[in-house]
Every structure is written in C-alpha cells, then in structure tokens.
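# Examination of the molecular architecture
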Amino acid sequence: KENKFNDNRRKLLALAEQHGCDLYINGHEHNGAYPVGRAGTLSDINCGTVTGPQGAWAMVEIHPAKAVFNVYSRAIAKETADAKGRATGFEYTQLPSRLFTREIPLKPRPGRA
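Heads up: these notes are all about the structure in this document. (Residues numbered from 1 in each chain as written. Predicted model: local features only at pLDDT ≥ 70, side-chain atom pairs only at ≥ 80, totals over all residues. Heavy atoms only, no water.)

As a further point, take the side chain of N70. Following the sequence through the fold, N70 ends up in strand 6 (residues 66-73). On the basis of relative accessibility, which here comes to 2%, the residue N70 falls in the buried class. A polar atom in the side chain of N70 sits 3.4 Å from the side chain of E61. Within the structure, N70 has its side chain in polar contact with the side chain of T101 (distance 2.7 Å). Discounting chain neighbours no more than four positions away, the residues touching N70 are W57, A58, M59, E61, R98, F100 and T101. (Helix = DSSP H or I, 4+ residues; strand = E, 2+ residues; numbered from the N terminus. Buried < 20%, exposed > 50% of the residue type's maximum accessible area, 1.4 Å probe, protein only. Polar contact = N/O pair within 3.5 Å; in protein donor to acceptor, adjacent residues only side chain to side chain. Contact = heavy atoms within 4.5 Å.)

This is the structure in structure tokens:
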C-alpha cells in the first residue's frame, strides 16, 4: 500500500545504500510474517510480529561474514488464582521454541577480519 510509512522506508533504504549497509534490522512489524527481504544489496530483517496466528520474536547473531536469524514462537501463559479467585500470578503453558533459522551473507569490509 502507499502510505507515509512506505515513504519513510524509501528514505531509510536510500540512506542505508548511501552508507554501504548490508543489513537493516527492525524490531516490530504488523505483517504476520517473518521476512528476510532484499532491497538491492541490503537485507531487511523483521525481528518481531504480533499479528498472524501466533506472533513471534527473533534473535540475530552477527558474525564477520554472515548474520544468523533465529525466529522463535512466543510463550503462552495463563493467569493463576487462589481458592477465592484472586489472581496469584501466571503459569506458562508453552515456552518459546525455534520456528526456523536463516543465514544471511554479509559483504566483507576493507580492513576488517
């Protein structure tokens, strides 16, 4: 869709290209997916989504020649209560599990090992 966010995205991608960035990591999108997109030579990683059937979060490990993108499901908890029905806390019914891993190659930089 055309909206103000796409215009901001175009500006950000132009700035990243101007400065030779390999990787753009964003922390939150409402697109229901876990993309590793491409914009020219730039990889665009979404590290979290709250829409879709389960939502997710991600961790990105940065190595000299690659970024490793690990996506995990979110934990599910239910509220616990005492005998009188007063809230006492939360009990996890599902802990996060890894959904998938992707490796993204990064360009070597002059003067870096």
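Don't stop here, the text continues.
In the structure shown here, the tally under the stated rule is one aromatic pair. The interplanar angle of 65° and the centroid separation of 6.2 Å between the aromatic rings of F69 and F100 together place this pair among those described as edge-to-face. Residue F69 is located in strand 6, and its partner F100 is located in strand 9 (residues 98-105); the two are separated by 31 residues in the primary sequence. (Phe/Tyr/Trp six-rings, centres within 6.5 Å; stacked < 30°, edge-to-face > 60°.)

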